[in-house]
Amino acid sequence: MIDEKCLLELKVEGWDESAWALPEVWEGYQTFLRQTPDPRCTSILSPFDSLIWDRARTKKLFNFDFTIECYLPAAKRKYGYFLLPILHDGKLIARMDAKSHRADKKFEVISLHFEPWVAADHNLVQNLISTLSNCAVWHKSPELFIEKCDPPEFLVTLQQKIAKRE
């Protein structure tokens with residue numbers, strides 16, 4: 001496949017083995033980078049997203065150790081029931097457990113757990129609240145509230161930003 005140019009071998013700094021990409025995917029990525037050299041976005045991912053489902057690759061690429069805890073007994077859960085990873089500016093920064101209460105039009109972030117190295121700067125707070133608010137509206141439960149946050153000092157900052165949006 002390499003000789004026929006159907007697959008590209010990529011060398012990654014710090015890796016012993018090669019990575020592989022389809023030429024059209026790699027070219028699309030290169031075009032995107034040329035058009036948007038400093039992409040900024042925040043996304044809530046499914047635990048079944050292709051970026052996440054290969055746990056070893058996710059750990060290697062992002063240093064993000066992820067487990068779908070809904071398959072664990074409640075006593076063994078560390079973060080919550082149905083965890084959704086959060087991607088911010090190309091890094092996996094957090095995981096959240098959320099629930100939509102449609103009858104009450106409320107979107108509850110039961111718990112939000114940031115990686116230890118994450119700092120709650122203005123860009124992160126702004127983009128995260130915007131993304132969570134859009135998710136809440138999509139779920140037909142537009143009133144957003146965050147119940148628990150780790151680290152706890154982020155909670156006040158996030159709640160203040162939510163209050164300003166309402």
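You'll find the structure just up there.
Just so it is clear, the model here is predicted, and its values are computed rather than measured.

(A) Main features of a nonpolar patch on the surface. Residues Phe48, Tyr71, Tyr81 and Phe82 make up a contiguous nonpolar surface patch of about 470 Å² in total accessible area. On the basis of relative accessibility, which here comes to 48%, the residue Phe48 falls in the partly exposed class.

(B) Representation of the environment of Lys5. Along the chain, the position of Lys5 falls in the segment before strand E1 (8-10). Separated by 93 residues in the primary sequence, Lys5 and Ala98 have C-alpha atoms spaced 44 Å apart.

(C) Molecular detail of the nonpolar core. Counting 24 residues, the largest nonpolar core has Val109, Leu112, Phe114, Leu128, Leu132, Ile146 and Leu158 as the members making the most contacts within it. Of all the secondary-structure elements, those providing two or more residues to this core are strand E4 (83-88), strand E5 (91-101), strand E6 (106-114), helix H3 (122-138), strand E7 (143-146) and helix H4 (153-165). For this core, the leading source of residues is H3, giving seven residues. Residues within four places of Phe114 in sequence aside, it is in contact with Ile93, Ala94, Leu124, Leu128, Cys149, Asp150, Pro151, Phe154 and Leu158.

(D) Fine view of the side chain of His113. Note that His113 resides in strand E6. Accessibility expressed as a relative area gives 6% for His113, which makes it buried. From its side chain, His113 meets the backbone oxygen of Tyr79 in a polar contact 3.4 Å long.

(E) Representation of the environment of Leu61. Examined against the element boundaries, Leu61 turns out to sit in helix H2 (residues 55-62). Accessibility expressed as a relative area gives 44% for Leu61, which makes it partly exposed. Measuring from C-alpha to C-alpha, the distance between Leu61 and Glu4 comes to 28 Å, with 57 residues separating the pair along the chain.

(F) Spatial organisation of the pairing of E7. Burial of E7 is one-sided: the residues Leu144 and Ile146 facing one way are buried, the residues Glu143 and Phe145 facing the other way are not. Both E6 and E7 contribute to a ladder of four bridges, which runs parallel. Bridge pairing in E7 links Lys106 to Glu143. For the segment spanning E6, H3 and E7, crossover handedness is right-handed.

Reading guide: rules and limits
Residues numbered from 1 in each chain as written. Predicted model: local features only at pLDDT ≥ 70, side-chain atom pairs only at ≥ 80, totals over all residues. Heavy atoms only, no water. Patch = residues over 30% accessible without salt bridge, like charges linked within 9 Å, V, L, I, M, F, W, Y side chains within 5 Å. Areas by Shrake-Rupley, 256 points an atom, 1.4 Å probe, with all protein chains shown as cover. Salt bridge = Lys/Arg side-chain N within 4 Å of Asp/Glu carboxyl O. Buried < 20%, exposed > 50% of the residue type's maximum accessible area, 1.4 Å probe, protein only. Helix = DSSP H or I, 4+ residues; strand = E, 2+ residues; numbered from the N terminus. Core = buried A, V, L, I, M, F, W, Y, C linked by side-chain atoms within 4.5 Å. Contact = heavy atoms within 4.5 Å. Polar contact = N/O pair within 3.5 Å; in protein donor to acceptor, adjacent residues only side chain to side chain. Pairing = 2+ DSSP bridges. Right-handed = clockwise from strand over helix to strand, strands pointing away.

Worth remembering: the numbers are spatial, not functional.
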